[in-house]
Amino acid sequence: MANAVTGPAGGAQSAFTTLVPEAFPSVESSPDPGAPPDPGTLPDRDPDETVPVPTPDRGPQGEASSAGRLRQVTAAARSLAANPLARRAGAGLLGFVVCCAVLSTGLTAWVAHRGGEAVIPAGAPAPSAPASLNPSASLSRVAALTPLLDRRASAVLGGRRAEWAATVDPATSGAAFRTRQLAEFDRIRLLPVSAWRYQVAETSVISGGAGTDAPFEASVRLTYRLAGDTRDVERTQFVTVERRTTGWTVTGLRRGSEEADPWELGPIVVAEGKRSVIVGIGRDQDRAALRRTATEADAAAARVDEVWGSVWRRTVVVFVPRTTEHLAAVLGRPDSAGLDQVAAITNGELSRETRAASGAADRVVLNSGPFARLTATGRRVVLTHELTHVATRASARVTVPLWVEEGFANHVAYRGSGLSRAAIAADVLPMVRIGTASADLPEKAGFDPADGTIAPAYADAWLAFDMMARQGDRKPLDFYRAAVGLDPTAAAGSLAPAETLAAAFSKVLGTDEDTFSSAWREYREALAKETR
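Every value quoted in this text rests on a predicted model; they were computed, and no experiment measured them.

Basis of the calculations
- Residues numbered from 1 in each chain as written.
- Predicted model: local features only at pLDDT ≥ 70, side-chain atom pairs only at ≥ 80, totals over all residues.
- Heavy atoms only, no water.
- Helix = DSSP H or I, 4+ residues; strand = E, 2+ residues; numbered from the N terminus.
- Areas by Shrake-Rupley, 256 points an atom, 1.4 Å probe, with all protein chains shown as cover.
- Pairing = 2+ DSSP bridges.
- Axes fitted to C-alpha atoms, helices over the stretch in contact; angles between N-to-C directions.
- Contact = heavy atoms within 4.5 Å.
- Phe/Tyr/Trp six-rings, centres within 6.5 Å; stacked < 30°, edge-to-face > 60°.
- Buried < 20%, exposed > 50% of the residue type's maximum accessible area, 1.4 Å probe, protein only.
- Expected span 1.5 Å × (residues − 1).
- Arc of directions from axis to C-beta.
- Polar contact = N/O pair within 3.5 Å; in protein donor to acceptor, adjacent residues only side chain to side chain.
- Parallel < 35°, antiparallel > 145°, perpendicular 65-115°, else oblique.
- Nonpolar A, V, L, I, M, F, W, Y, C, P; charged D, E, K, R; others polar.
- 1 Å grid on protein atoms, 1.4 Å probe; cavity = no way out; pocket = protein on both sides within 12 Å on 5 of 7 lines; lining within 4 Å.
- Points joined across faces, edges and corners; volume = space filled by probe spheres on them.
- Right-handed = clockwise from strand over helix to strand, strands pointing away.

(A) Structural context of the overall build of the protein. Scanning the protein from N- to C-terminus turns up 15 helices and 13 strands. Only carbon and sulfur atoms are counted for the fraction: they give 52% of the accessible area of the protein, which is about 21000 Å².

Pasting the structure below:
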């Protein structure tokens, strides 16, 4: 399922959620890693092609591929990071080949001052972004902070704890901060970090300070990537810097971004699959369960390949927060209201300007309590649903209504599950029988757990795609591809969402949205009567 919330300025944050399947009992059954992948029902497709969950239980596992890539990339990135001036070692924005690493450390110290203007000495490498030359940032403070940040980045990528510790306040008064910083470093090193760099945006002298040696605070952009991430993740941090007898040192750090990163929330446990990185966040994580999730995520990725093709990164990062409070923190939500309805969320950010995924990697975040209570089939459906979002967002060019996003993800998730139509649509069919179901295809609010019960909206969205599939196995895929701007026959530049959606109805289904909606209501009513 999916719901959208307002993200940072300049971007629309998208959270695609899979609701907790009420009908999946909490009977646990161990998955069979040796079971063959789902045979699928769609014909061979071009490689360019790209919940509230159901009810009962059962479900095979699929196979995975691409063994060993994640560790190889991480090792390569860390060895390259030994050069503190390492710049960029290749990073496709939307590709999902795991061999990408961004190793720039900023180099903002290569700045001189001439006639009141910031200039770059001849032959010196340019700063990696103009934000480091913000007029409000004193060049002397930038020059003081940049080496500290470069050393911190180098320490993370090279695994040098002593080097990280040397950047942190050694004073007795800062002992608690130093202890927290070392604990965070140890947690970061458990993650498969393939890129880590900082960049100064603004600095300001702390109230009461004066002169070039005055303590100051800096707004810093941390950019990092985990092996398996779809793209770089950007975070804002506020770093306090003071001069000691040993030189400039970091004496404080606070998060400026709404979303929390895993190392900020307590102990972490990492399990790596062939196509997945599973990060357990918080104390008392079940390591065996995390390893099982890695196996199941690998199988889900293979099922997504069967429908969407291989043009997506094809690996995934999955966060498993231990508590709903941690879940809300990872998602950047003020509280956990409504999250008890969801089993998983795919979280990322879409640029309003380009409509491309940027600014935050697409990661799957599991609601550990509800997810752990699902049967093998329930976990299979949830993970396949969320990985479908990760795959489709890698190439989608247009933001479509949530019923399209969620309906297609559910369509892929339920393929080969063995569940009946009545079971999959069980959350809305009783409402149809008594006349309380919505008469329209679900709106955005229907998918937002903070606004009420979301299960009926997911069932309705799935029914729309199930009806398409009755016209032909490829219809749901072709409709979705056209709706998100991937129709190769469409005129160049015609990427207005209303136009691409209308074209999908017309060219793929031979109808319009109003006629389709009417047919969908009749289809839903017929199914409700059949399964009374």
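Still more to cover.
(B) Up close: the sheet that holds strand 5 (residues 193–205). Sheet architecture is open: four strands sit in the order 5-6-7-8, paired in antiparallel fashion. Either end of the sheet is taken by a strand with one partner, and the two such strands are strand 5 and strand 8 (247–255). Taken pair by pair, the neighbouring strands of this sheet meet at an average axis angle of 30°, ignoring direction. Here nine bridges tie strand 6 (residues 216–226) to strand 7 (residues 233–244), and the two strands are oriented antiparallel to one another. Directly across from Ser 219, in strand 7, lies its bridge partner Phe 238. This element, helix 2 (residues 139–158), spans strand 5, strand 6, strand 7 and strand 8 of the sheet and lies at about 160° to strand 5. Set on the sheet, helix 4 (residues 175–188) makes contact with strand 5 and strand 8; between it and strand 8 the angle comes to about 70°.

(C) Fine view of the packing of aromatic side chains. Throughout the structure, instances matching the rule amount to 19 aromatic pairs. Seen in terms of ring centroids, Trp 164 and Phe 185 are 5.4 Å apart; in terms of plane orientation they differ by 40°. Their pairing is tilted. Taken as a pair, Trp 164 in helix 3 (residues 161–165) and Phe 185 in helix 4 lie far apart in primary sequence, 21 residues in all. Taking the relative accessible area as the measure of exposure, Trp 164 reaches 2% and is therefore buried.

(D) Representation of helix 8 (residues 376–393) in the model. With 18 residues, helix 8 extends 26 Å between its outermost C-alpha atoms, agreeing within 8% with the 26 Å of an ideal straight helix rising 1.5 Å per residue. Most of helix 8 is tucked away, with 18 of its 18 residues classed as buried.

(E) Helix 15 (residues 513–530), seen in detail. The first and last C-alpha atoms of helix 15 sit 25 Å apart over 18 residues, in line with the 26 Å expected at 1.5 Å per residue. Those residues of helix 15 lying buried are Phe 516, Ser 517, Trp 520, Tyr 523, Arg 524, Leu 527 and Ala 528. All buried residues of helix 15 project into a common sector of 135° when viewed along the axis, lining one side. Opposite the buried face of helix 15, by more than 90 degrees, sit the exposed residues Asp 514, Glu 522, Lys 529 and Glu 530. Measuring from the backbone nitrogen of Asp 514 back to the side-chain oxygen at the start of helix 15 gives 3.2 Å, which picks out Asp 512 as the cap.

(F) Summary view of the packing of helix 12 (residues 455–469) against helix 15. At a closest axis distance of 10 Å, the pairing of helix 12 and helix 15 adopts a crossing angle of 100°. Comparing the axis directions of helix 12 and helix 15 gives the class roughly perpendicular. When helix 12 is examined against helix 15, the residues Asp 460, Leu 463, Ala 464, Asp 466, Met 467 and Met 468 are found in contact with a partner set consisting of Phe 516, Ala 519, Trp 520, Tyr 523, Arg 524 and Leu 527. For the contact of helix 12 with helix 15, a count of residues per class yields nine nonpolar, no polar and three charged.

(G) Broad picture of the side chain of Ser 276. Structurally, the position occupied by Ser 276 is in strand 10 (residues 276–281). Here Ala 294 takes part through its backbone oxygen, which lies 3.3 Å from a polar atom of the side chain of Ser 276. Within the structure, the side chain of Ser 276 is placed 3.0 Å from the side chain of Asp 298, a separation counted as a polar contact.

(H) Region of the structure containing the environment of Glu 443. Assignment of secondary structure puts Glu 443 in the loop between helix 11 (429–434) and helix 12. The spatial distance from the C-alpha of Glu 443 to the C-alpha of Leu 402 is 7.2 Å, given a sequence separation of 41 residues.

(I) Here's a closer look at the pairing of strand 9 (residues 268–272). Where strand 9 and strand 10 come together, five bridges link them in antiparallel fashion. Bridge assignment links Ile 268 to a residue of strand 10, and that residue is Ile 281. What sits between the antiparallel neighbours strand 9 and strand 10 is a turn of three residues.

(J) Highlighting empty space enclosed by the protein. In this structure, the second largest cavity spans a volume of roughly 50 Å³. Listing elements by their share of the lining of the second largest cavity, those giving two or more residues are helix 4 and strand 5. No other element matches the three residues that helix 4 contributes to the lining of the second largest cavity. When its residues are assigned to classes, the lining of the second largest cavity shows six nonpolar, two polar and two charged.

(K) Layout of the environment of Asp 213. Among the structural elements, Asp 213 can be located in the loop between strand 5 and strand 6. Along the backbone, Asp 213 and Arg 243 are 30 residues apart, and their C-alpha atoms lie at a distance of 6.5 Å. Not counting residues up to four positions away in its chain, the partners in contact with Asp 213 are Arg 243 and Trp 248. Side chain to side chain, Asp 213 and Arg 243 meet in a polar contact 3.0 Å long.

(L) A look at the pairing of strand 10. Among the six residues that make up strand 10, six are buried, leaving the element largely enclosed by the rest of the structure. Side-chain alternation along strand 10 places Ser 276, Ile 278 and Gly 280 on one buried face and Val 277, Val 279 and Ile 281 on a second face that is also buried. Of the strand pairs in this sheet, strand 10 and strand 11 (residues 316–321) are connected by six bridges, and their pairing is parallel. When the sheet's bridge partners are listed, Ser 276 is paired in strand 11 with Val 316. In this region the chain leaves strand 10, passes through helix 5 (residues 287–308) and returns to the parallel neighbour strand 11; the handedness of that crossover is left-handed.

(M) Representation of the packing of helix 12 against helix 13 (residues 475–483) within the structure. Helix 13 packs onto helix 12 with a crossing angle of 120° between their chain directions and a minimal axis gap of 7 Å. Residues Phe 465, Met 468 and Ala 469 of helix 12 pack against Lys 475, Pro 476, Phe 479 and Tyr 480 of helix 13. When its residues are assigned to classes, the contact of helix 12 with helix 13 shows six nonpolar, no polar and one charged.

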